[in-house]
Amino acid sequence: MLLAILLTGGRATAQEPGDPAHDADVPTSPVVFDDATLFRVRGVSSFPADVRARAIVERLTAVAADPSVPVDSLRVVEADGILRILAGDRPIMAIIAADASLDQVRPATLASLHMARMRQAIVEYREARSASALRRGAVNALVGTLVMALAVFLLAWFWRWLDRLLKRLLQTRIQSVG
């Protein structure tokens, strides 16, 4: 009887949803925000992973583009076994136990890691679009344009100089042959 309990217990744990072999078959999609992959999310049949990832990116972009929403307003709220990451009162994403089982961590740990990554992404997004960053980009573009124009001018001047030099050398040789 002990052998039967051990054998059936082993089968039951092998088929649990938290089993890494089972979760390896779950389709996931990356959450790509401002050309950086923040994390991956899984989906379900009625809400596929790519649709879920796109919705998270849209909500995160709306929060990042709104300077009235402080970065420190990001928080995790638990209700009914679901952890929600909010920016103020705006929902960004929800995390359930199945999401955490994919990364083999507790849901609270996964939520805090995702929230930290979102905070960092929002800060980088806002810094990249700040007035000083835009000025720096404009100055860099202007300097690059001037350097390129100078390089083209020097190259054209060098080729004209080389052409005149070669013509003089060839003219002396041509006259001597004639």
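This text goes with the structure placed above it.
Quick caveat, the model's predicted, so the values are computed rather than measured.

(A) Structural context of the overall build of the protein chain. Secondary structure assignment for the protein chain yields six helices and five strands. Counting from the amino terminus, helix and strand elements in the protein chain follow one another as α-α-β-β-α-β-β-β-α-α-α. Going through the 178 residues of the protein chain one by one, you find that 24% of them count as buried. For the protein chain, the share of sequence-separated contacts (at least 6 apart) that also reach a separation of at least 24 residues comes to 50%. As displayed, the protein chain offers around 12,300 Å² of accessible surface, 64% of which is attributable to carbon and sulfur atoms.

(B) View of the nonpolar core. Judged by nonpolar contacts, the single largest core of 28 residues is most densely connected at V31, F33, I92, M93 and M118. Those elements that provide at least two residues to this core are β1 (28-33), β2 (36-42), α3 (49-65), β4 (82-87), β5 (90-95) and α5 (107-128). Per-element tally for this core: the top contributor is α5, with seven residues. Those residues in contact with F33 that lie beyond four places of it in its chain are L38, V57, L60, T61, A64, A121, I122 and Y125.

(C) Region of the structure containing the pairing of β2. Of the pairings in the sheet, the one linking β1 to β2 comprises six bridges and is antiparallel in character. When the sheet's bridge partners are listed, S29 is paired in β2 with V41. The loop that links β1 with its antiparallel partner β2 comprises two residues; one of these, D34, has a positive phi angle of about 55°.

(D) Structural view of the packing of α3 against α5. At a minimum axis separation of 9 Å, α3 and α5 run at an interaxial angle of 50°. With respect to α5, the axis of α3 lies oblique. In this structure, α3 meets α5 at a crossing whose hand is right-handed. Packed against α3, whose contacting residues are L60, T61, V63, A64 and A65, the element α5 presents M118, I122, Y125 and R126 at the interface.

The rules behind the values
- Residues numbered from 1 in each chain as written.
- Predicted model: local features only at pLDDT ≥ 70, side-chain atom pairs only at ≥ 80, totals over all residues.
- Heavy atoms only, no water.
- Helix = DSSP H or I, 4+ residues; strand = E, 2+ residues; numbered from the N terminus.
- Buried < 20%, exposed > 50% of the residue type's maximum accessible area, 1.4 Å probe, protein only.
- Contact = heavy atoms within 4.5 Å.
- Areas by Shrake-Rupley, 256 points an atom, 1.4 Å probe, with all protein chains shown as cover.
- Core = buried A, V, L, I, M, F, W, Y, C linked by side-chain atoms within 4.5 Å.
- Pairing = 2+ DSSP bridges.
- Axes fitted to C-alpha atoms, helices over the stretch in contact; angles between N-to-C directions.
- Parallel < 35°, antiparallel > 145°, perpendicular 65-115°, else oblique.
- Left-handed = near helix turned anticlockwise from the far one by under 90°.

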